[in-house]
Amino acid sequence: MKKTLQRPAGWPASLSTPVVSPIAPSVVYASTSPDELDSQYEGRETGYTYAREGHPNADVLAQRIDALEGATGGLVVGSGMAAVSAVLLGLCKTGDHVIGADQLYGRSLRMMAEDLPRLGIATSLVDATDATAVAEAIRPETRLVLIEVVSNPTIRIADLDAVAEVCAERGVLLVVDNTFTTPLGIRPFEHGADIVLHSVTKLLAGHSDATLGWVAAKDPALAERMRIFAVTTGMTPSPFDCWLAERGLATFALRYARAQDTSQRLADYLSGAEGVKRVLYPTRPDHPEAARAQSLLKGQGGHMVSFEIEGGRAAANAFAEAASGIAFAPTLGDVGTTLSHPASSSHRALTPEARAKMGVSEGFFRVSVGLEDPEALIACFADGLAAARGTA
Ligand SMILES: *Cc1c(COP(=O)(O)O)cnc(C)c1O
């Protein structure tokens, strides 16, 4: 840190170095001369200039996530939706066509429905479990296909390899939002994805205290276009959030393994429980893409479980209230288990008929499993189910 009249203290020297990344909140970086600035801007020397353009905490975090995804040159931005925007708005132009999976994250669907069309970018939604449906939706002007490997909230599994093949044949970019599956569940670049993105807010950071996104492209030219767009539109992440996420990442693998084990146990419990109509979990033999879960996800079920209870809204209210040890909150990937009710939250804008078509009834819940003691967690679900049965 430079000593100046106003900030005369500088930063203490130390031969030994910290093992934890320092937080660098500085918005601006001082240079010694215009020549030195030239050498930085012209790429002869490395260095930071202004935090919106880049800062050390973002770069350190980006490199950590790059390593997990097998990527290079990934970019950390201010939220998962900033990452979605960097792709869709940074790489598409008026006249392009974009295909999205019909069960994308709610705000991604909204961008497909409202923002892209407003800018003259046509959109279509297709069932990503069906590569033929994706192939049929491709037009000469199709720029990219955006999918999630495991869908929200019905836990359907996209036919990633076949969709990647279709995209490669037709010269269309394949973009995978890997938030739900995480790089421990699958590494989409190894399955033909051109661009991979994350809401780092969720399981990667893992503690519901940092809002961040990450995006990387195989083609460095596309990565550079997204970087420039993100800087211009101010998608800059907070250094402190980046620091928190880096700290969170240190335990990501442990949290993932624990949440996955508990999810399997919870799914097995729910599938045998009275008052539960159906359970959706990838490794269960009654899952609609059970075989694909084994081949594509290598038998890993992940940390999300969805299920449907008997009864309507009254049963759902009773369940959520009685399962009081579980946060009833519309997020996922936290250290604590969270329960979401799509009909009243993420999917409330849909008509009851559209929800019914997806299988999202008033009795449908999605669980993001956390790190609680599995027995204690299952006991909470048992309390919820008993209360729901009481409304019948
Ligand atoms: C949460 C989420 C997003 C958006 O991320 P934010 O960090 O909340 O902006 C995008 N995609 C998926 C799959 C998500 O779960």
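Every chain's residues receive numbers from 1 upward, in the order its sequence appears when written. Note on the predicted model: pLDDT of at least 70 is required for a residue's local features to be given, and 80 or more for side-chain atom pairs to be given and counted; whole-chain, interface and lining totals, by contrast, use all residues. Values reported for side chains reflect all heavy atoms of the structure, with hydrogen atoms and water molecules removed beforehand.

S.K.: I tried to follow the UniProt feature "modified residue: N6-(pyridoxal phosphate)lysine" (unreviewed entry) in the chain on my own but got confused; where do I start?
M.R.: UniProt positions are given in the numbering used here, feature names are shortened, and annotations may be inferred rather than shown by experiment. Cross-referencing UniProt, the feature "modified residue: N6-(pyridoxal phosphate)lysine" (unreviewed entry) maps to Lys202 in the present numbering. Following the sequence through the fold, Lys202 ends up in the loop between β6 (195–199) and β7 (213–217). A contact between two residues is defined here by any heavy atoms of the two lying within 4.5 Å. Excluding anything up to four places from it in sequence, Lys202 contacts Tyr105, Thr179, Thr331, Leu332 and Gly333. Going along the chain from the N terminus, every DSSP run of H or I of four or more residues is numbered as a helix, and every run of E of two or more is numbered as a strand.

S.K.: Mind showing me how you'd approach the site of the ligand here?
M.R.: In the vicinity of the ligand, the residues found are Ser79, Gly80, Met81, Tyr105, Glu148, Asp177, Thr179, Ser199, Thr201, Lys202, Leu212 and Leu332. In protein, a polar contact requires one atom able to donate a hydrogen and another able to accept it; more generally it is a pair of N or O atoms within 3.5 Å, and residues adjacent in sequence count only if both atoms are side-chain atoms. At a separation of 2.9 Å, an oxygen atom of the ligand approaches a polar backbone atom of Met81. Side-chain polar atom of Lys202 to an oxygen atom of the ligand: 2.7 Å apart, as the coordinates give it. When isolated, the ligand has an accessible area of 380 Å², and the protein chains bury 92% of it. In the shell around the ligand, the residues fall into 4 nonpolar, 5 polar and 3 charged. Whether a residue is near a molecule or strand depends on its heavy atoms: it is near if one of them lies within 4 Å of it. The Shrake-Rupley method, run with a 1.4 Å probe, gives the accessible areas here. Residue values count only the displayed protein chains as cover. As a working rule, the residues Ala, Val, Leu, Ile, Met, Phe, Trp, Tyr, Cys and Pro are called nonpolar, Asp, Glu, Lys and Arg charged, and the rest polar, with Gly in that last group.

S.K.: It is not clear to me how the side chain of Ser21 should be interpreted in this structure. Could you clarify?
M.R.: Relative to the helices and strands, Ser21 is located in the segment before α1 (34–41). There is a polar contact of 2.9 Å between the side chain of Ser21 and the side chain of Glu246. Residues contacting Ser21, with those up to four places away along its chain left out, are Val60, Trp243 and Glu246.

S.K.: What's the story with the pairing of β6 in this structure? I'm lost.
M.R.: Note on exposure labels: buried denotes an accessible area under 20% of the residue type's maximum, exposed denotes more than 50%, and partly exposed covers the range between, all computed with a 1.4 Å probe on protein chains only. The element β6 is largely enclosed, with a buried count of 5 among its 5 residues. Side chains of β6 alternate between two faces, with Ile195, Leu197 and Ser199 and Val196 and His198 buried alike. Note: strand β5 (residues 173–177) against β6, 3 bridges, orientation parallel. Bridging across to β6, Val176 finds its partner in Val196. Pairing between two strands is assigned when DSSP locates at least 2 bridges connecting them. Here β6 pairs with β7 via 5 bridges, running antiparallel. Across the sheet, Val196 pairs through a bridge with Ala216, a residue of β7.

S.K.: Looking at this structure, I do not really get the sheet that holds strand β8 (residues 276–280). What am I missing?
M.R.: Two pairing modes exist for strands in a sheet, parallel and antiparallel, and in both the strands are linked by backbone hydrogen bonds. Within the open sheet, the 5 strands sit side by side as β8-β9-β12-β11-β10. Their pairing is mixed. Two strands in the sheet have a free side with no partner beyond their single neighbour: β8 and β10 (327–328). As defined by bridge partners, β10 adjoins strand β11 (residues 338–340) across 2 bridges and the pair is classed as parallel. Bridging from a neighbouring strand, Phe328 pairs with Leu339 of β11. Axis lines are fitted to C-alpha atoms, over the contacting stretch for helices. Their N-to-C directions set the angle, which ranges from 0 to 180 degrees. Sheet strands touched by helix α10 (residues 252–272): β8, β9 (304–309) and β12 (364–368). Its angle to β9, the strand with the most contacts, is close to 15°. Seen against the sheet, helix α14 (residues 374–389) touches β8, β9, β11 and β12 and runs at an angle of roughly 20° to β9.

S.K.: Is there a simple way to explain empty space enclosed by the protein in this structure?
M.R.: Over the atoms a probe the size of a water molecule is rolled, and this reveals where empty space is left. Definitions used throughout: a 1 Å grid over protein atoms alone; a cavity as a set of points that fits a 1.4 Å probe which cannot get out; a pocket as an open set with protein on both sides within 12 Å along at least five of seven lines; a lining residue as one with an atom within 4 Å of a point. Grid points are joined across faces, edges and corners, and a volume is the space filled by probe spheres set on the points. Scanning all chains against the criterion turns up 1 cavity of 30 Å³ or more. Lining the largest cavity, in full, are Val150, Phe180, Thr181, Gly185, Tyr256, Pro282, Leu297, Gln300, Gly301, Gly302, His303 and Met304. A breakdown of the residues in the lining of the largest cavity according to their chemical character gives 6 nonpolar, 6 polar and no charged. Note that the domain bounds reflect an automated or database-derived domain assignment. When residues of the lining of the largest cavity are assigned to domains, at least three fall in each of domain 1 (34–249) and domain 2 (252–389).

S.K.: Sorry if this is basic, but what is going on with the packing of helix α3 (residues 80–91) against helix α8 (residues 220–232) here?
M.R.: Packed helix pairs are specified by the crossing angle of their axes together with the interaxial distance, meaning the distance between the axes. Contact geometry for α3 and α8: axes closest at 9 Å, N-to-C directions at 105°. With respect to their mutual orientation, α3 and α8 come out roughly perpendicular. Facing Ser85, Ala86, Val87, Leu89, Gly90 and Leu91 of α3, the residues of α8 in contact are Leu222, Arg225, Met226 and Phe229. Of the residues belonging to the contact of α3 with α8, the class tally is 7 nonpolar, 2 polar and 1 charged. With respect to orientation, any angle under 35 degrees is reported as roughly parallel, any angle over 145 as roughly antiparallel, any angle of 65 to 115 as roughly perpendicular, and every other angle as oblique.

S.K.: Would you mind showing me how to read a nonpolar patch on the surface here?
M.R.: The patches reported here contain residues having more than 30% relative accessible area and no salt bridge. Joining distances are 9 Å for like charges and 5 Å for nonpolar side chains (Val, Leu, Ile, Met, Phe, Trp, Tyr). Salt bridge criterion: a side-chain nitrogen from Lys or Arg within 4 Å of a carboxyl oxygen from Asp or Glu. Taken together, the side chains of Val27, Val28 and Tyr50 define a hydrophobic patch exposed on the protein surface, amounting to about 270 Å² of accessible area. Mapped onto the secondary structure, Val28 falls in the segment before α1.

S.K.: When you look at the layout of surface pockets in this model, what are you seeing that I'm missing?
M.R.: One number sums up the size of the largest pocket: a volume of about 1100 Å³. Along the wall of the largest pocket there are 42 residues; nearest its centre are Leu104, Gly106, Leu109, His347 and Leu350. Going through the elements one at a time, α4 (106–118), β8 and α13 (352–358) are the ones with two or more residues in the lining of the largest pocket. The greatest single-element share of the lining of the largest pocket, amounting to 6 residues, is contributed by α4.

S.K.: Hey, could you run me through the environment of Asp159 in this one?
M.R.: For Asp159, the location among the structural elements is in the loop between β4 (142–148) and α6 (160–170). Beyond its immediate sequence surroundings of up to four residues, Asp159 is in contact with Ala128, Thr129, Ala131 and Arg292.

S.K.: Before we go on, may I ask you to explain unusual backbone geometry in this structure?
M.R.: Glycine aside, negative phi is the norm for most residues, and most peptide bonds take the trans geometry. Of note, the bond from Asn152 into Pro153 is cis; its omega dihedral lies within 30 degrees of zero at 0°. Mapped onto the elements of the fold, Pro153 is located in the loop between β4 and α6. For Ile155, which is not a glycine, the phi torsion comes out positive at approximately 60°. Residue position: Ile155 is located in the loop between β4 and α6. Of the residues examined, Ile155 reaches a relative accessible area of 0% and is grouped as buried. Within the chain, Ser208 stands out as a residue other than glycine whose phi angle is a positive 50°. Judged by relative accessible area, Ser208 falls into the partly exposed class, the value being 43%.

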